Amino acid sequence: MTSFGLRRTMTGIKVKRRPLRRLNGVWSGPPDTPGPSTTPAKVSATSQTHKFHRTRLSPPVVTPSPVSSPVQESSIIPTMQDKQMHPLDNPSVESYFIPGAKVFDRYFDCPLAYKQKSPEKIKVFARHLVPVDKVNDIKTMPFFLYLQGGPGFEVGLPSSATSGWIKEAFAMGFQVLLLDQRGTGLSSPISTESLAMLGLDTDQAKAGYLTFFRADSIVRDCETIREQLTADRAPDCESRFTLLGQSFGGFCITTYLSLFPTSIQHAYITGGVPPLVNSPDVVYRALYPRILAKNKLYYKKFPHDIERVRKIHAYLSQNQVRLPNGGTLSPRRFLQLGILFGVSGGYDTLHENIVFACADLDSLSRLSYRTLNRIQELQGWDTNVIYAVLHEAIYCQGEKSNWSAERVLNEPQFASAFEWRLDQLNPGQPVYFTGETIYPFMFDDYSELAPLKKIANLLAENTWGKLYSRKTLKTLTTPVAGVTYYDDMFVDRELSVQTAGNINGFKQWITNEYAHK
């Protein structure tokens, strides 16, 4: 569900290909989400569960209590002893205008650990967009909440509300919330620096703190915000949220539907129907063949890059190369540029960088600052560390991740194809790139991840709680629709189809006209 200097956007990115097929149901999502709102849809499916072994990480200040069975919850707002000002009446909230909307920058105090009812709070930020001609109606208009992809990425300030899905949401009578999920953007952001400022003395304590930054906590923040913003509404005014989630945002929506189904009016998912699995092993066994296929398509389009990539790979294997921010451009880090295969125009972007890198080696016998800086900018794990430290945890229910992507890569069916060691490559063998996969070496090579190495190892050994309730999803009455990208390298299509079949009434559209972003 990626980003990397490519940050997740609020709409899908088009890839012009021939239309695929449509299946049962009708796409009913807001226009201008990835896929036309009038396009007929597709699919039915079954699902699977998987079991693996377990261990538990003891958190620091408060002990996380994994949701053993994410049942419906009706209210999570702590009882307030004193009557407080309605957040929509707060005159101190900063506001300004963009074309088509008045924007309010709102902060909410949310519990760090909901299940423990911890007194510790964190700040959660949301941009609140209201049509310029309906500002006086903010206490009666329904809310449309956008959940960003990731995990670990914030929502940027839109330059305008007069186009795209925000325009359509306004036309449908909504006001819009753009949430920076906890740990991102302006919502108590997680970084090496911020963790150092928390007063947590040990890596164990810091790892425990980070256990409260998964989807189950994110959606409880959403519910806290919903209850505050819709407090005291008249019975004839809609108080439920309508949701739009891109990629990881769709994972969050599915958790929201599991925990608070009656709080949601409609839900739309773009490229993020999550696999209802217990371990990421299942996910990576499905995704590595897709990544391999993308590599073969790349070399078919740019056959001369087979030799170019081998040349760059050999240089990096024989020399220690530092990036501008102090990180290391190792052979494996270089091969992570394959994440570009999953986005629109990614093949061309990678090819351009390969050509420049080879030109550097031919003319300078080293990689130039320009090339090194460009590669660094294409890899966003330094700036959004949650994307690395909690990535595999988004697939865990009652299990630990135990560096799943690394373990699965070393299984016999993948090890030889993704061989990266120079002395193990056959003459002329293409060197294949990896994708949206997290590996232990990253906590040596990325400058901002290196201080988190012990924390990441602790989190990889943590046993995580449940995120989804199959029982609740199977009995939903909330209308849910979603688009799945046929060749998606980040969210496996077949696993998404299985999940859609386990959500009552889910309307799914499968297309190859669009890429994941």
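Please refer to the structure higher up on the page.
Notes on the structure in this doc start here. If you're wondering where the values come from, they're calculated on a predicted model, not measured in any experiment.

Cut-offs applied
Residues numbered from 1 in each chain as written. Predicted model: local features only at pLDDT ≥ 70, side-chain atom pairs only at ≥ 80, totals over all residues. Heavy atoms only, no water. Pairing = 2+ DSSP bridges. Helix = DSSP H or I, 4+ residues; strand = E, 2+ residues; numbered from the N terminus. Axes fitted to C-alpha atoms, helices over the stretch in contact; angles between N-to-C directions. Core = buried A, V, L, I, M, F, W, Y, C linked by side-chain atoms within 4.5 Å. Buried < 20%, exposed > 50% of the residue type's maximum accessible area, 1.4 Å probe, protein only. Contact = heavy atoms within 4.5 Å. Salt bridge = Lys/Arg side-chain N within 4 Å of Asp/Glu carboxyl O. Phe/Tyr/Trp six-rings, centres within 6.5 Å; stacked < 30°, edge-to-face > 60°. Lys NZ or Arg CZ within 6 Å of the ring centre and 35° of its normal. Expected span 1.5 Å × (residues − 1). Right-handed = clockwise from strand over helix to strand, strands pointing away. Parallel < 35°, antiparallel > 145°, perpendicular 65-115°, else oblique. Left-handed = near helix turned anticlockwise from the far one by under 90°. Nonpolar A, V, L, I, M, F, W, Y, C, P; charged D, E, K, R; others polar.

Concerning the sheet that holds strand S7 (residues 241-246)
Then comes step 1: An order of S2-S3-S4-S6-S5-S7-S8-S9-S10 is seen for the 9 strands of this open sheet, with the pairing classed as mixed. The open sheet is flanked by strand S2 (94-98) and strand S10 (507-511), the only strands paired with a single partner. Within this sheet the neighbouring strands show an average axis-to-axis angle of 20°, counted without direction.
Then comes step 2: By the bridge criterion, 5 bridges tie strand S4 (residues 121-131) to strand S6 (residues 175-180) in an arrangement that is antiparallel. Bridging from a neighbouring strand, Ala-126 pairs with Leu-179 of S6.

Regarding the nonpolar core
Soluble, globular proteins show a tendency: their nonpolar side chains are buried together.
Then comes step 1: Counting 131 residues, the largest nonpolar core has Tyr-288, Leu-329, Phe-334, Phe-418, Phe-433 and Phe-443 as its most contacted members.
Then comes step 2: The dominant element in this core, judged by the number of residues it contributes, is helix H6 (residues 280-301), at 9 residues.
Then comes step 3: For Phe-418, the contacting residues outside a window of four places in its chain are Tyr-288, Ile-291, Leu-292, Asn-295, Leu-409, Tyr-432, Phe-433 and Thr-434.
Then comes step 4: Among the nonpolar cores identified, the runner-up in size contains 18 residues, and Ala-101, Tyr-146, Ile-166 and Ala-169 belong to it.

Observations regarding the pairing of strand S3 (residues 101-111)
Then comes step 1: Across the 11 residues that make up S3, a large majority, 9, are buried.
Then comes step 2: Connecting the antiparallel pair S2 and S3 is a turn made up of 2 residues, with Gly-100 showing a positive phi of about 95°.
Then comes step 3: Pairing geometry for S3 and S4, over 11 bridges, is antiparallel. Within the sheet, the bridge partner assigned to Phe-108 lies in S4 and is Val-124.

Quick word on the pattern of salt bridges
Then comes step 1: In this structure the tally under the stated criterion is 19 salt bridges.
Then comes step 2: The salt bridge involving Arg-333 is made with Asp-382; its shortest N-O contact spans 3.9 Å. Of this pair, Arg-333 sits in helix H8 (residues 331-335) while Asp-382 is found in the loop between helix H10 (369-377) and helix H11 (386-389), placing the two residues 49 residues apart along the sequence.
Then comes step 3: Here Arg-333 falls in the buried class, since its relative accessible area comes to 0%.
Then comes step 4: A relative accessible area of 9% places Asp-382 in the buried class.
Then comes step 5: Residue Glu-461 is joined to Lys-400 by a salt bridge in which the shortest nitrogen-to-oxygen separation is 2.9 Å. Of this pair, Glu-461 sits in the loop between helix H15 (453-460) and helix H16 (470-474) while Lys-400 sits in the loop between H11 and helix H12 (404-409); the two residues are 61 residues apart in sequence, bridging distant segments of the chain.

Structural notes on the packing of aromatic side chains
Then comes step 1: Enumeration according to the criterion identifies 28 aromatic pairs in this entry.
Then comes step 2: Members of the aromatic cluster, connected to one another through ring pairs, are Tyr-298, Tyr-299, Phe-302, Phe-334, Phe-341, Tyr-347, Tyr-432 and Phe-433.
Then comes step 3: Of note, Arg-493 hangs over the ring of Tyr-486, and the distance from its end group to the ring centre comes to 3.8 Å.

Side note on helix H9 (residues 346-364)
Then comes step 1: The end-to-end C-alpha distance of H9 is 27 Å, a good match for the 27 Å that 19 residues give at a rise of 1.5 Å each.
Then comes step 2: All buried positions along H9 are accounted for by Gly-346, Tyr-347, Leu-350, His-351, Asn-353, Ile-354, Ala-357, Cys-358, Asp-360 and Leu-361.
Then comes step 3: Contacts from the buried residues of H9 go to H6, helix H7 (305-318), H8 and H10.
Then comes step 4: Immediately downstream of H9, the backbone of Ser-365 shows phi near 65°, a positive value.

A few points about unusual backbone geometry
Then comes step 1: Put simply, Gly-150 and Pro-151 share a cis peptide bond, and its omega is 5°.
Then comes step 2: Topologically, Pro-151 is positioned in the loop between strand S5 (143-147) and helix H1 (164-171).
Then comes step 3: Unusually for a residue other than glycine, Ser-188 sits at a positive phi of about 45°.
Then comes step 4: Relative to the elements of secondary structure, Ser-188 occurs in the loop between S6 and helix H2 (192-196).
Then comes step 5: Take Ser-188: its relative accessible area is 18%, and that puts it in the buried class.
Then comes step 6: One non-glycine residue, Asn-402, lies in the positive phi region at around 50°.

Re the pairing of S5
Then comes step 1: Here S5 lies mainly inside the structure; 5 of its 5 residues are buried.
Then comes step 2: Here S5 shows no split at all, with Phe-143, Leu-145 and Leu-147 on one side and Phe-144 and Tyr-146 on the other all buried.
Then comes step 3: Strand direction decides the pairing type here: S5 and S6, joined by 4 bridges, are parallel. Within S6, the position partnered with Phe-143 by the bridge is Gln-175.
Then comes step 4: One crossover worth recording links S5 to the parallel S6 by way of H1, and it is right-handed.
Then comes step 5: Where S5 meets S7, 5 bridges bridge the pair, whose relative direction is parallel. Bridge pairing in S7 places Phe-143 opposite Phe-241.

Here's the deal with the packing of H9 against H10
Then comes step 1: Here H9 crosses H10 at 150°, and the two axes come no closer than 9 Å. By the angle class used here, H9 and H10 are roughly antiparallel. In the crossing of H9 with H10, the sense of the turn from one axis to the other is left-handed. Contacts from Thr-349, Asn-353, Phe-356, Ala-357 and Asp-360 in H9 reach Arg-370, Thr-371 and Arg-374 in H10.
Then comes step 2: When grouped by side-chain class, the residues that make up the contact of H9 with H10 number 2 nonpolar, 3 polar and 3 charged.

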